[in-house]
Amino acid sequence: MNLAAMDPSQYDVQLEAKRLKLKQLFTDFDTPELETFSSETAHYRMRAEFRMWHEGEDLYYYMFDKALDSKVRCDQFLPASELINKMMPVLVDLLKPNTVLRHRLFQIDFLSTLSGEILISLLYHKQLDSEWEAQAKALKQTLSSQFNVNLIGRARKQKIIFDKDYVIESLSVAGKQLQYHQIENSFTQPNGKVSVKMLEWAIDVTKNSTGDLLELYCGNGNFSVALAQNFDRVLATELAKPSVESAQYNIKVNNIDNLQIIRMSAEDFTDAMAKKRSYRRLEGIDLDSYNCNTIFVDPPRAGLDDNTVKLVQGYERIVYISCNPNTLLDNLKELSKTHNITRFALFDQFPYTDHMESGVFLERK
């Protein structure tokens with residue numbers, strides 16, 4: 001991370017450079033005007049991870065700065081949410097004099113929400129015993145007088161929870177209040193307010209949809225929960241068990257009655273759709289009963305594999321959220337043979353970095 005680049009006064013200049021870079025990257029495609037969704041210039045990250053440095057009686061957070069090729073002390077951290085920044089000094093001041101809790105502590109992770117919850121994970125190079133548990137419980141009680149907080153201790157093959165290992169985020173999305181179960185150590189969108197803009201964009205591009213939606217890589221149901229209102233039914237896949245459990249919680253808490261999650265990889269699901277293999281996890285699910293003419297994909301950085309690209313091309317409309325413009329570029333070389341790009345967006349999830357999150361909406365030619 002380049003801490004020196006985090007200058008709010010330069011944010012607009014940096015965002016414009018990203019916008020121009022993304023447009024230039026896709027000049028070979030017939031793209032519409034790029035829609036650009038900006039971030040807050042500070043306190044935009046809902047989660048943050050810090051290494052801990054022990055120096056005599058002192059204890060402090062640090063990060064590694066690639067530009068300086070050295071560690072940098074972080075008593076506060078501009079990208080992290082205001083809630084994380086409020087918690088940071090309070091927590092470290094409580095840990096410093098506590099020899100049990102600070103001993104062999106090497107990392108602290110924070111997961112916060114726009115709705116005011118925060119989860120702290122303390123990571124250790126030691127086994128956590130009953131004395132540690134007693135001190136950690138007392139720490140949690142002390143912090144709870146100021147914060148809506150939960151605490152986790154982690155060591156090798158150990159995870160001790162006080163009282164929950166998740167937070168509940170509440171987001172206002174296109175006039176609706178949606179709740180999301182976000183579990184510790186699982187993927188969630190880091191920039192809460194830009195995540196709302198992404199959800200609202202996806203709702204907007206699919207607002208006149210008919211039929212059903214298929215979503216691959218659905219995670220905790222972040223998009224599928226929000227998009228269910230635009231479709232008769234939604235069928236979504238996700239491989240990671242904690243994410244699937246969160247998705248099931250989110251379906252229930254948001255009273256979604258037309259969304260079904262299947263725990264399997266996109267690649268296996270592609271084989272199932274092509275009738276190459278049958279899977280026990282699909283027993284009782286009539287894939288042929290779905291009229292999915294829209295598909296939503298939010299793949300990992302590697303993008304879509306060749307088989308999934310072929311699967312995606314079979315749908316009338318494609319919503320593609322990408323965290324890597326280079327793999328999106330490769331996938332669009334094939335997808336543009338059968339589909340036109342009718343919406344194109346840049347979401348600035350990660351200010352002050354080269355990272356570009358983008359969205360493409362394609363319709364069959």
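Residues numbered from 1 in each chain as written. Predicted model: local features only at pLDDT ≥ 70, side-chain atom pairs only at ≥ 80, totals over all residues. Heavy atoms only, no water.

### A few points about the nonpolar core
For step 1, the next point in the chain: Of all hydrophobic cores here, the largest spans 80 residues; its most connected members are Tyr61, Leu91, Ile108, Phe110, Ile120 and Trp132.
For step 2, the next point in the chain: Ranked by the residues each element gives to this core, the list is headed by helix H2 (residues 82-95), at 7 residues.
For step 3, the next point in the chain: Not counting the four nearest positions on each side in its chain, leucine 91 is found in contact with Tyr61, Ile108, Phe110, Ile120, Leu139 and Leu143.
For step 4, the next point in the chain: One finds Leu178, Val205, Ala226 and Leu227 within the second-largest nonpolar core, a separate group that totals 34 residues. (Core = buried A, V, L, I, M, F, W, Y, C linked by side-chain atoms within 4.5 Å. Buried < 20%, exposed > 50% of the residue type's maximum accessible area, 1.4 Å probe, protein only. Helix = DSSP H or I, 4+ residues; strand = E, 2+ residues; numbered from the N terminus. Contact = heavy atoms within 4.5 Å.)

### Notes on the pattern of salt bridges
For step 1, the next point in the chain: Applying the stated rule across the entire model yields 16 salt bridges.
For step 2, the next point in the chain: The salt bridge involving lysine 164 is made with glutamate 117; its shortest N-O contact spans 3.4 Å. Within this pair, whereas lysine 164 is found in the loop between strand E8 (158-162) and strand E9 (166-173), its partner glutamate 117 is found in strand E6 (residues 117-124), the two being separated by 47 residues in sequence.
For step 3, the next point in the chain: By relative accessible area, which is 9% here, glutamate 117 ends up buried.
For step 4, the next point in the chain: Where lysine 333 meets aspartate 330, a salt bridge forms, and the shortest distance between an N and an O atom there is 3.6 Å. With lysine 333 and aspartate 330 both in helix H10 (residues 325-335), this residue pair falls 3 residues apart, about one helical turn.
For step 5, the next point in the chain: A cluster of three or more residues bridged by salt bridges with shared partners is formed by Glu35, Asp204, Lys207 and Arg343. (Salt bridge = Lys/Arg side-chain N within 4 Å of Asp/Glu carboxyl O.)

### Concerning the layout of surface pockets
Where empty space is left becomes clear once a probe the size of a water molecule has been rolled over the atoms.
For step 1, the next point in the chain: If you add up the space inside the largest pocket, you get close to 690 Å³.
For step 2, the next point in the chain: Within the residue set of the lining of the largest pocket, elements represented by two or more residues are strand E5 (105-112), E9, strand E10 (176-183), helix H5 (192-205) and helix H6 (222-227).
For step 3, the next point in the chain: Counted as a void, the second largest pocket has a volume near 470 Å³.
For step 4, the next point in the chain: Along the walls of the second largest pocket sit 24 residues, with Arg45, Arg47, Ala48, Glu49 and Asp109 positioned nearest its centre. (1 Å grid on protein atoms, 1.4 Å probe; cavity = no way out; pocket = protein on both sides within 12 Å on 5 of 7 lines; lining within 4 Å. Points joined across faces, edges and corners; volume = space filled by probe spheres on them.)

### Some details on the UniProt feature "active site" (unreviewed entry) in the protein chain
For step 1, the next point in the chain: UniProt tags Cys323 and Glu357 as "active site" (unreviewed entry). These annotated residues cover 35 residues of sequence, and their C-alpha atoms lie no more than 4.6 Å from one another, placing them together at a single site. Considered against the largest pocket, the annotated residues that line it turn out to be Cys323 and Glu357.
For step 2, the next point in the chain: Considering the arrangement of structural elements, one finds cysteine 323 in the loop between strand E15 (317-322) and H10.
For step 3, the next point in the chain: Excluding anything up to four places from it in sequence, cysteine 323 contacts Pro299, Pro300, Arg301, His355, Met356 and Glu357.
For step 4, the next point in the chain: Tracing the backbone through its elements, the reader meets glutamate 357 in strand E17 (residues 357-364).
For step 5, the next point in the chain: Leaving out residues up to four positions away in the same chain, glutamate 357 has contacts with Gln189, Met198, Ile321, Ser322, Cys323, Ala345, Leu346, Phe347, Gln349 and Phe350. (UniProt positions renumbered as here; feature names shortened; annotations may be inferred.)

### Re the sheet that holds strand E11 (residues 212-216)
Within a sheet, neighbouring strands are paired by backbone hydrogen bonds and run either parallel or antiparallel to one another.
For step 1, the next point in the chain: The strand order across the open sheet built from 8 strands is E1-E16-E17-E15-E14-E11-E12-E13, with neighbouring strands paired in mixed fashion. Each edge of the sheet is formed by a strand with only one pairing partner; in this case those strands are strand E1 (35-37) and strand E13 (259-263). When strand polarity is set aside, the average angle formed by the axes of neighbouring strands in this sheet is 15 degrees.
For step 2, the next point in the chain: Sheet strands touched by H5: E1, strand E14 (292-297), E15, strand E16 (339-347) and E17. Its angle to E16, the strand with the most contacts, is close to 160 degrees. (Pairing = 2+ DSSP bridges. Axes fitted to C-alpha atoms, helices over the stretch in contact; angles between N-to-C directions.)

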